[in-house]
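Summary of structural features
Spelled out, the chains give:
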Protein chains: 2
Amino acid sequence: MTISEPLLHINETRFREDFERLTRDGATKDGGLNRPALSEAHLSARETFRNMICERGFEIHEDGAGNLSARNFSPEHAQPVILLGSHLDSVADGGRFDGTLGIASAFEVIQILRVHYPQASMEVIDFTDEEGTWISLLGSRAASGQLTLQDLNNPRGNPEAFQKALKRADLTNEGILSATRHSKTLRAYLELHIEQGTRLEQSKTDIGIVTGMVGIYMYLVTFRGQSNHAGTTPMNERQDAALGASEFCLRVQKTVSEKYPDCVATVGHMDFSPGAFNIIAGRVTVFMELRSENPQRAEMLQEDLHQKAQSAANTFGLELDFQFLEAVPAQKMDPSIINIFESSSEKLGITFKHLPSLAGHDAQSMSLLSPSGLIFVPSVGGYSHSSREFTPWEACVKGANVLLNTAKRLAASLS
Amino acid sequence: MTISEPLLHINETRFREDFERLTRDGATKDGGLNRPALSEAHLSARETFRNMICERGFEIHEDGAGNLSARNFSPEHAQPVILLGSHLDSVADGGRFDGTLGIASAFEVIQILRVHYPQASMEVIDFTDEEGTWISLLGSRAASGQLTLQDLNNPRGNPEAFQKALKRADLTNEGILSATRHSKTLRAYLELHIEQGTRLEQSKTDIGIVTGMVGIYMYLVTFRGQSNHAGTTPMNERQDAALGASEFCLRVQKTVSEKYPDCVATVGHMDFSPGAFNIIAGRVTVFMELRSENPQRAEMLQEDLHQKAQSAANTFGLELDFQFLEAVPAQKMDPSIINIFESSSEKLGITFKHLPSLAGHDAQSMSLLSPSGLIFVPSVGGYSHSSREFTPWEACVKGANVLLNTAKRLAASLS
């Protein structure tokens, strides 16, 4: 962007009205949104978006995974597309900003840009099931060719319910697997999302420019002792798996808090066997995940926690099975797009900082297919997946203007 | 028992053969027994016992709760009955001695005594579902009038499966509730059981004379925090219910081990909500029970653990709900029967000690109806509810001889 290029600004009123309209379906009494993927409320929100696309004179496109797009392609359609997107689905009893703000801002951006760059091919895409009601990042993983039939056969919940939900949305396994796009057809993927944390708020920064997604590493840590009678087994003769699991859970929190400020780790579940008042637990499996932007640090932390687990097992006379389950690898965002986010922010007088994303986003899938960029706007109090989720409107406008001028720079480079 | 009364001794060979015969149905490859109440294997064992009762010329009696008896009633049947008993059912994959040894020794006792005291009314009873496959102490609680229709409508497992099992054994709810016996018809209830612990083994004592059953107190201890995103919520901003529950679990073990040698306490289960890898637990409910012979000590321990739970909740910024769920009150065994157990042991040159029972037994139900007494024989290694359950045969014989001479004294007093 040379000094002579004029900055563009979004239409604040239209942006606000569109956001309000897109957050009506599935609105809850407490000010949140309840739009699990493929639910009636979610499909209603898509219908609303479809009407808006039509009213504003964009081309409607829907792929086999249900991803719904507004397109403004150049007459020749010879050039790669600038794709902007996010998602209209929410977690159960989630908030209004997560996903929907990204759709509203992207939709506002292409309305401005088609006036200035009518020859640039642009598209706003609403991805299916970002939140993983059934399969995390379903739509963007399908579009980037990462979804398999095996994934579709192993949804959260039960496969029958998933197939029923697909049917309600006129989707099929075959259709989903056919939604793959080709790398050469895309110039870039851009997304705006709420931070879902307090790093921006605490540093009083307007925009977070995401450098990459943390890797997510999942483990099943099993402590085995001796299932025994809770009355007749003396306290000092027990091999109680609950004690090893509890000790480990506390160690996870302490280790990460004290030694790994760049990581998080969570014990979200424990499975007790046999799991009764009157029987000493013979086996407890701890569901643990850790997240880090840096694979080396993740590995260090894993080794550290493995040792802590072994020490907890030894303390209580237990056997340990420390099982690595699966990883969602860390992803880097595109450096050239990061640069454009920076210069756009600077020119707009908007403060920014670089940060890793601690959650998964569609930009993560899309980065495997196309140069991708993601920016965050602040989440007040860090509330996320909750009706308390909130971002002040002026902060949303700042984010949308950074998104607009970044997309503009890409459109200009194609012109 | 005056000095001139001769001691009786059981027939060791017959006792051994009967025990072996009664442990054939449901025998497992590893030397245990698998006879959950009302299973085919359990009903086969009852059929075997029924045949033995018939062969030895006793009267067969079966009540509405399925309790199966061998009776030798005096011709006039004017006098109260000396009842001896235990149970033929086992836990899933249990051991050979738990319950069945009590039936075999009681059956041996009345075979000896009917020769010497033909005019005494005696009965050996095999109680239904002592182990609580469906309802703990079902048969003895029915006989002692403590079972309600509400209990029958809330079995472990599901009510349909329970009703199906009852049908297989030709039992009905109405029949079970009609099995109540009357206090005045009973002189005493006597039972021999394995200890299921190591107190006798460690003190090298032949017989444990049970002074009473511990009370069992059950609690649901719930820690409430804030369910939140496991990636975007910084470690120091979490209200993680898993941490409070884990801290409490460790404190329970430490507190009881260090300060309450007369009690035991167990965390047998924890229920996590929502319970996923990627969500910080917003609520964890800890299933805890404690056991003590002394209600005052149980209350002290409860207060101590309540404070520990509150302290764990405070440490991690959580709310606490410390809910008392239910109690099985402590029961005293009859002092006069304890005296007869003592004098019988002394005369036989068998060592004994007084101890509380840390598990529930049919003698606990029966003590509400009749003077009751319970003795333990040693469990090698304390193994219980396991194929490793074992008591040396000479120890079983010693126990049966104490049971015999105690019942003899009661029979003599009726003659």
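Below is a short write-up of the structure.

Parameters at a glance
Residues numbered from 1 in each chain as written. Chains lettered and ligands numbered in written order. Predicted model: local features only at pLDDT ≥ 70, side-chain atom pairs only at ≥ 80, totals over all residues. Heavy atoms only, no water. Contact = heavy atoms within 4.5 Å. Buried area = accessible area lost by both parts, 1.4 Å probe. Polar contact = N/O pair within 3.5 Å; in protein donor to acceptor, adjacent residues only side chain to side chain. Pairing = 2+ DSSP bridges. Helix = DSSP H or I, 4+ residues; strand = E, 2+ residues; numbered from the N terminus. Axes fitted to C-alpha atoms, helices over the stretch in contact; angles between N-to-C directions. Buried < 20%, exposed > 50% of the residue type's maximum accessible area, 1.4 Å probe, protein only. Least-squares fit on C-alpha atoms with pLDDT ≥ 70 in both. Salt bridge = Lys/Arg side-chain N within 4 Å of Asp/Glu carboxyl O. Expected span 1.5 Å × (residues − 1). Arc of directions from axis to C-beta.

**Focus: the interface of chain A and chain B**
- With 56 residues of chain A at the interface, the matching set in chain B holds 56 residues.
- Overall, the association of chain A and chain B removes approximately 4,400 Å² of surface from exposure, summing both partners, and the carbon and sulfur fraction of that is 60%.
- Between the two partners, chain A and chain B, sit 14 residue pairs in polar contact (both at pLDDT 80 or more).

**Observations regarding the sheet that holds strand E9 (residues 263-273) of chain A**
Residues and elements named next belong to chain A.
- Reading across the sheet, the four strands line up as E9-E11-E7-E12 and stay open at both edges, with antiparallel pairing between neighbours. If you trace the sheet from one side to the other, it starts and ends with E9 and strand E12 (319-328), each paired once. Averaged over all adjacent pairs, the angle separating strand axes in this sheet is 20°, with direction ignored.
- Pairing analysis gives ten bridges linking E9 to strand E11 (residues 283-292), with the strands arranged antiparallel. By the bridge assignment, Phe 272 is partnered in E11 with Val 284.
- Packed on one face of the sheet, helix H9 (residues 241-259) meets strand E7 (215-224), E9, E11 and E12 and runs near 170° to E9.

**Some details on the side chain of Ser 246 of chain A**
- Following the sequence through the fold, Ser 246 of chain A ends up in helix H9.
- Classification of Ser 246 of chain A as buried rests on a relative accessible area of 0%.

**Focus: the relation of the copies chain A and chain B**
- Overlaying chain A with chain B gives an RMSD of 0.1 Å, the required rotation being 180° about an axis along which the chain moves by 0.1 Å. Put plainly, the chains are arranged around a two-fold axis. Within chain A, the C-alpha atom positioned nearest to the axis of rotation is that of Ser 246 of chain A, 2.1 Å from it.
- Comparing interface residues between copies, 100% of those in chain A also sit at the interface in chain B, which points to an isologous, same-surface contact.

**Focus on the sheet that holds strand E7 (residues 215-224) of chain B**
Residues and elements named next belong to chain B.
- Spatially, four strands are ordered E9-E11-E7-E12 in an open sheet, and the strand pairing comes out antiparallel. Looking along the sheet, the strands with just one partner apiece sit at the ends: strand E9 (263-273) and strand E12 (319-328). Pairwise comparison of adjacent strand axes, ignoring direction, gives a mean angle of 20° for this sheet.
- The pairing of E7 with E12 spans nine bridges and is antiparallel. When the sheet's bridge partners are listed, Val 221 is paired in E12 with Phe 322.
- Against the sheet, helix H9 (residues 241-259) touches E7, E9, strand E11 (283-292) and E12, its axis set at about 170° to E9.

**So, the pattern of salt bridges**
- Under the definition given, this model contains 42 salt bridges over all chains.
- For Asp 18 of chain B, the salt bridge is made with Arg 56 of chain B, and the minimal N-O distance between the two is 2.8 Å. Separated by 38 residues along the polypeptide, Asp 18 of chain B in helix H1 (residues 12-22) and Arg 56 of chain B in the loop between helix H2 (40-55) and strand E1 (59-62) bring together distant segments of the chain. Grouping residues by exposure puts Asp 18 of chain B and Arg 56 of chain B together as buried.
- Close ionic contact of Asp 206 of chain B with Lys 398 of chain B constitutes a salt bridge, the shortest N to O distance being 3.2 Å. Of this pair, Asp 206 of chain B sits in the loop between helix H8 (199-202) and strand E6 (207-213) while Lys 398 of chain B sits in helix H13 (residues 393-414); the two residues are 192 residues apart in sequence, bridging distant segments of the chain.
- One salt-bridge network, in which partners are shared between bridges, spans Arg 16, Glu 20 and Arg 96 of chain A.

**Topic: the environment of Ile 60 of chain A**
Residues and elements named next belong to chain A.
- If you trace the backbone, Ile 60 turns up in strand E1 (residues 59-62).
- Here the alpha-carbon distance between Ile 60 and Phe 162, two residues 102 residues apart in the chain, equals 26 Å.
- When neighbours within four sequence positions are excluded, Ile 60 is seen to be in contact with Arg 50, Ile 53, Cys 54, Leu 68 and Ser 69.

**Re helix H11 (residues 335-348) of chain B**
Residues and elements named next belong to chain B.
- A rise of 1.5 Å per residue sets the reference length of H11, with its 14 residues, at 20 Å; its end C-alpha atoms lie 20 Å apart and thus fit the reference within 8%.
- Regarding H11, the residues found buried are Ile 337, Ile 338, Ile 340, Phe 341, Glu 342, Ser 343, Ser 344, Ser 345 and Leu 348.
- Where the residues of H11 are buried, they touch strand E5 (186-194), E6, strand E14 (352-357), strand E15 (372-377) and H13.
- Trailing H11 by a residue or two, Gly 349 shows a phi angle of about 70°, which is positive.

**So, helix H6 (residues 159-168) of chain A**
Residues and elements named next belong to chain A.
- Those residues of H6 lying buried are Phe 162, Ala 165 and Leu 166. When H6 is viewed along its axis, its buried side chains cluster within an angular range of 100° and face the same direction. H6 presents Glu 160, Lys 164 and Lys 167 as exposed residues on the side facing more than 90 degrees away from its buried surface.
- For H6, the elements touching its buried residues are helix H4 (138-143), helix H5 (149-153) and helix H7 (173-177).

**Here's the deal with unusual backbone geometry**
All names here are of chain A.
- A cis amide bond links Ser 273 to the next residue, Pro 274, at an omega of 0°.
- Assignment of secondary structure puts Pro 274 in the loop between E9 and strand E10 (279-280).
- Phi is positive for Leu 38, close to 75°, though the residue is something other than glycine.
- For Leu 38, the location among the structural elements is in the loop between helix H1 (12-22) and helix H2 (40-55).
- With relative accessibility at 2%, the residue Leu 38 sits in the buried group.
- Despite not being glycine, Asp 129 shows a phi value in the positive range, around 50°.

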